Amino acid sequence: MKKNIDILEGAITQAAQKGAEIIVTPEDALYGWRFTRKTIFPYLEDIPDPQVDWTPCEEPHRFGHAPVQARLSCLAKNNSIYVVANIGDKKPCGLRESRCPPDGYYQYNTNVVYDKDGKLVARYHKHHLYSEPWFDVPAKPELVTFNTTFGKFGVFTCFDILFHDPAVSLVKDHHVDTVVFPTAWMNVLPLLTAIEIHSAWAMGMGVNLLAANTHHISLNMTGSGIYAPNSAKVYHYDMETDSGKILFSEVDSHPRMSPDYPRTVNWSAYATITKPFPGQKQNFGGFISRDKFNFTELFEKEGNLTVCHKELCCHLSYEMLGKKETEVYALGAFAGLHGRRRREYWQICTPLKCQATDLSTCGEPVGTVFTKFEEFSLSGTFGTRYVFPQIILSGSQLASERHYEILRDGRLRSRSGDPLPVLVTALYGRAFEKDPLRLRQGHGKLQESPLSMLFRVKPGKEMMGK
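Being a predicted model, the structure only gives us computed values, none of them experimental.

Turning to the state of the cysteines, a few remarks are in order. As enumerated under the stated definition, the model contains five disulfides in all. A disulfide bridge connects Cys-93 with Cys-100, and the sulfur atoms are separated by 2.1 Å. Given an S-S torsion of about 75 degrees, the disulfide between Cys-93 and Cys-100 has right-handed geometry. Across a sulfur-sulfur distance of 2.0 Å, Cys-314 and Cys-349 are joined as a disulfide pair. Residues Cys-314 and Cys-349 are joined by a disulfide whose S-S torsion is about -80 degrees; by sign, that bridge is left-handed.

So this is what it looks like as structure tokens:
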């Protein structure tokens, strides 16, 4: 832990020297994962409600032994920068409480935020755990915000982003401008990589997202970014090296006031008045991350295709340039409860490259592509207003916003210009009202890793006036 905080100190100093207002660090960056509930307990601290008005740097023993909180507070104060970090909170509970663990303590995966004076201004307990038996689930999702001179912020952690509470409620009901988002996200191609999901969420929700992901390539963890409602400002995705990267960018403090703020989209308007395109081959089934999709092959260099699954129909118009005979594409549709344990309800339309010419490989991970698309238009009969668009190019890189547009009738459409080596395009719809009432815990995190950190740089005067 001390080594990791030492690394963080150097990064904070560097960020402050470059004029950063806030730094976000990854989930599990200080503790790692090599512990049990019992062995992590001595390293947890009592993190009070921020209403107590506490600056740990000045009163390190006010709430018991709190060396990590004191160190983080001093780093924020000495460098005059907001610091967002992920640590562990412990709270005693009575054994007569029905939810109280046998050891007499709640243990929470916790984000803390310290302002430029080192004061604790936010505390958030992660609600949607991803197989973290050493931590407990809070009684209900917490909706945590904090105000700054450069906008209103919300905070949540990793898997929380896929659920209505806290993620959607912070935007819809609390009107935050920016979300700070520590995560330890394991990438799953073709549809569930960090940069895909996180950039699409920022665009779909219309807020800035500062996503700091752990960089640990042996666990398929990489992909931090600073995402605005209309573009990915900067991101880092690298599955080749062990080195993390510090990201800097400037974003609107109040994006809703920006003249280029995205327009409201009716995601099903076009698709619901479009009749299914005729004259295509028979559909076939295939799996993406255990979800059974209906697929139809893009067997011509250009065409109009429709594929449906349950209540969802997906329409694609496209034109390829120089289609390679060794590369096969398919248009897929899925509507249903996703995943082996979490079971959140998705509606997905996705044209993607298959792993090989064998159609049974459609939906398997692919990293590169040589075929290019001159144009495409994708839409779907989504039953939700929460739809998240994405385009991933060869090498698992995000397509620049100059290459596509989102029309008000719900079409994700390419712009004229250079042909694109499209790996996968997708429209994700989240039908939160169809989620099971009681969600099961997910699976899968391990071990510590080098830090990959993220900063939000102070806007210029003209941006502060927006």
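A separate point is the environment of Ser-394. Relative to the helices and strands, Ser-394 is located in the loop between β18 (387-393) and β19 (397-398). Taking the C-alpha atoms as reference points, Ser-394 and Val-366, separated by 28 residues in sequence, lie 8.9 Å from one another. In this view, Ser-394 contacts Gly-367, Thr-368, Val-369, Pro-421 and Leu-423; residues no more than four positions away in its chain are not counted.

As a further point, take empty space enclosed by the protein. Going through the model one piece at a time under the given rule, you end up with four cavities of 30 Å³ or more. Taken as a whole, the largest cavity encloses approximately 90 Å³ of empty space. Residue lining of the largest cavity: Val-188, Leu-191, Leu-192, Ile-288, Ser-289, Asp-291, Phe-293, His-338, Trp-346, Ile-348 and Tyr-428, and that is the complete set. For the lining of the largest cavity, the secondary structure elements donating two or more residues are β12 (291-297) and β16 (344-353). Its residues assigned to classes, the lining of the largest cavity comprises eight nonpolar, two polar and one charged. Around the second largest cavity, the lining residues are Ile-161, Leu-162, Ile-197, Ala-200, Trp-201, Trp-346, Phe-388, Tyr-428, Arg-430 and Phe-432. Of all elements in the fold, only α5 (194-205) and β22 (422-430) reach the threshold of two or more residues within the lining of the second largest cavity. Among the elements that take part in the lining of the second largest cavity, α5 stands out by supplying three residues, more than any other. Of the residues assigned to the lining of the second largest cavity, the class counts are nine nonpolar, no polar and one charged.

Criteria and thresholds
Residue positions are given per chain, counting from 1 as you read along its sequence in written order. Reporting of local features is limited, given that this is a predicted model, to residues whose pLDDT is at least 70; pairs of side-chain atoms are given and counted only at 80 or more, and all residues count toward the totals for whole chains, interfaces and linings. Calculated side-chain values reflect all of the structure's heavy atoms, with hydrogen atoms and water omitted. The disulfide criterion used throughout: a pair of cysteine sulfur atoms within 2.5 Å. What counts as a helix is a DSSP run of H or I of at least four residues, what counts as a strand is a run of E of at least two, and both are numbered from the N terminus. Contact criterion: two residues are considered in contact whenever any of their non-hydrogen atoms come within 4.5 Å of each other. Think of a 1 Å grid over just the protein atoms. A cavity is a set of points where a 1.4 Å probe fits yet cannot get out, a pocket is an open set with protein on both sides within 12 Å along at least five of seven lines, and lining residues have an atom within 4 Å of a point. Grid points are joined across faces, edges and corners, and a volume is the space filled by probe spheres set on the points. Throughout, the ten residues Ala, Val, Leu, Ile, Met, Phe, Trp, Tyr, Cys and Pro are labelled nonpolar, Asp, Glu, Lys and Arg are labelled charged, and all others, Gly among them, are labelled polar.

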